[in-house]
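Listed below are the residues making up each chain.
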Amino acid sequence: LNIRARVAFLLIISMLISLNISAQESVTLSLPLTSGEKSSTPYNIASFEFGSGSAIDTVFFDPSFGAMSGGWNSPSLNPEAYYEYRIAPAEGASLRLRQVRLDISLGRGEMRTAVKYSTDGFRSAGIAMGQPVFFTTTTPRTLPLTTELTISYPDTLSIRVYAWSARDRQVVFNNRNISIA
């Protein structure tokens, strides 16, 4: 009887430790933008969607460069010229974000970008995530942004990448992938 109690106690303790380790496991969510498909996440903990602002041209998707569109040539930040990513935790889920990584490039030339986030669907101005960036790469490069955010059901996190100052309307801004960890 004494040995059975000890074995049962050890099994319960090991299960509790195992559950605690699983609860602390980090998950990276990624949305490849090589098609216009909606994405679900591992373990169905959240949905991940892509959208765009009304001031840019029609978005199309390329297997190598991802989401592509022109129309980024305003002289200053246009609040309607953006790519948007919406992350909605599943019922009962909560996500803690420490880093957002965007794979971005241009068809040619140079451009400025700024990243903002919101939990109210941008009814307010949004909060800056990192500093505005000036870039010129035609090869997809990763833009890492450090953050400290927690989003819980039923809220939705919206992240927008604004871009402006392209030489002309035909300069294409590419976003191949977004991942959050």
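Overview of the structure. (Residues numbered from 1 in each chain as written. Predicted model: local features only at pLDDT ≥ 70, side-chain atom pairs only at ≥ 80, totals over all residues. Heavy atoms only, no water.)

1. Side note on the pairing of strand 12 (residues 157-164)
Within strand 12, eight of the eight residues are buried, which leaves it mostly tucked inside the rest of the structure. Burial along strand 12 is two-sided: Leu157, Ile159, Val161 and Ala163 and Ser158, Arg160, Tyr162 and Trp164, pointing in opposite directions, are all buried. Examined bridge by bridge, strand 6 (residues 82-89) and strand 12 share six bridges and lie antiparallel to one another. Looking at strand 12, one finds that Tyr85 is bridged to Ile159. (Buried < 20%, exposed > 50% of the residue type's maximum accessible area, 1.4 Å probe, protein only. Helix = DSSP H or I, 4+ residues; strand = E, 2+ residues; numbered from the N terminus. Pairing = 2+ DSSP bridges.)

2. Thoughts on the packing of aromatic side chains
Counted by the stated rule, this structure contains eight aromatic pairs. Judged by centre distance (5.5 Å) and plane angle (50 degrees), the ring pair of Phe50 and Tyr83 falls under tilted. Here Phe50, found in strand 3 (residues 46-52), pairs with Tyr83, found in strand 6; they are 33 residues apart in sequence, far enough to count as distant. For Phe50, a relative accessible area of 19% gives the class buried. In this structure Tyr83 comes out as buried when scored by relative accessible area, which is 0%. Ring geometry for Trp72 versus Tyr83: centroids 5.0 Å apart, planes at 75 degrees, classification edge-to-face. Of this pair, Trp72 sits in the loop between strand 5 (66-69) and strand 6 while Tyr83 sits in strand 6, and the two are eleven residues apart along the sequence. For Trp72, a relative accessible area of 0% puts it in the buried group. Put simply, the rings of Phe50, Phe61, Trp72, Tyr83, Tyr85, Phe135 and Phe173 touch in pairs and so form one group of aromatic residues. (Phe/Tyr/Trp six-rings, centres within 6.5 Å; stacked < 30°, edge-to-face > 60°.)

3. Some points on the nonpolar core
Trp72, Tyr83, Tyr85, Leu102, Met111, Ile159 and Phe173 are the most contacted members of the largest nonpolar core, which totals 39 residues. Looking at this core, the elements with two or more residues in it are strand 1 (29-32), strand 3, strand 6, strand 7 (94-106), strand 8 (111-118), strand 11 (141-152), strand 12 and strand 13 (173-180). Not counting residues up to four positions away in its chain, the partners in contact with Trp72 are Ile56, Ala81, Tyr82, Tyr83, Met111, Val161, Ala163, Trp164, Ser165, Ala166, Val171 and Phe173. With five residues, the next largest nonpolar core counts Tyr82, Ala114, Tyr162 and Trp164 among its residues. (Core = buried A, V, L, I, M, F, W, Y, C linked by side-chain atoms within 4.5 Å. Contact = heavy atoms within 4.5 Å.)

4. Side note on the pairing of strand 1
Each regular strand shows side chains that alternate between the opposite faces of the sheet. Side chains Leu29 and Leu31 project from strand 1 onto a buried face, and the interleaved Ser30 and Pro32 project onto a face without burial. By the bridge criterion, four bridges tie strand 1 to strand 13 in an arrangement that is antiparallel. Directly across from Leu29, in strand 13, lies its bridge partner Ile180.

5. A word on the pattern of salt bridges
Using the criterion set out here, one finds seven salt bridges in the structure. When the shortest N-O distance is used, the salt bridge between Arg169 and Asp57 registers 2.8 Å. Here Arg169, found in the loop between strand 12 and strand 13, pairs with Asp57, found in the loop between strand 3 and strand 4 (60-62); they are 112 residues apart in sequence, far enough to count as distant. Accessibility expressed as a relative area gives 33% for Arg169, which makes it partly exposed. By relative accessible area, which is 29% here, Asp57 ends up partly exposed. In this structure, Arg160 engages Glu84 in a salt bridge whose closest nitrogen and oxygen atoms are separated by 2.9 Å. Residue Arg160 is found in strand 12, and its partner Glu84 is found in strand 6; the two are separated by 76 residues along the sequence. (Salt bridge = Lys/Arg side-chain N within 4 Å of Asp/Glu carboxyl O.)

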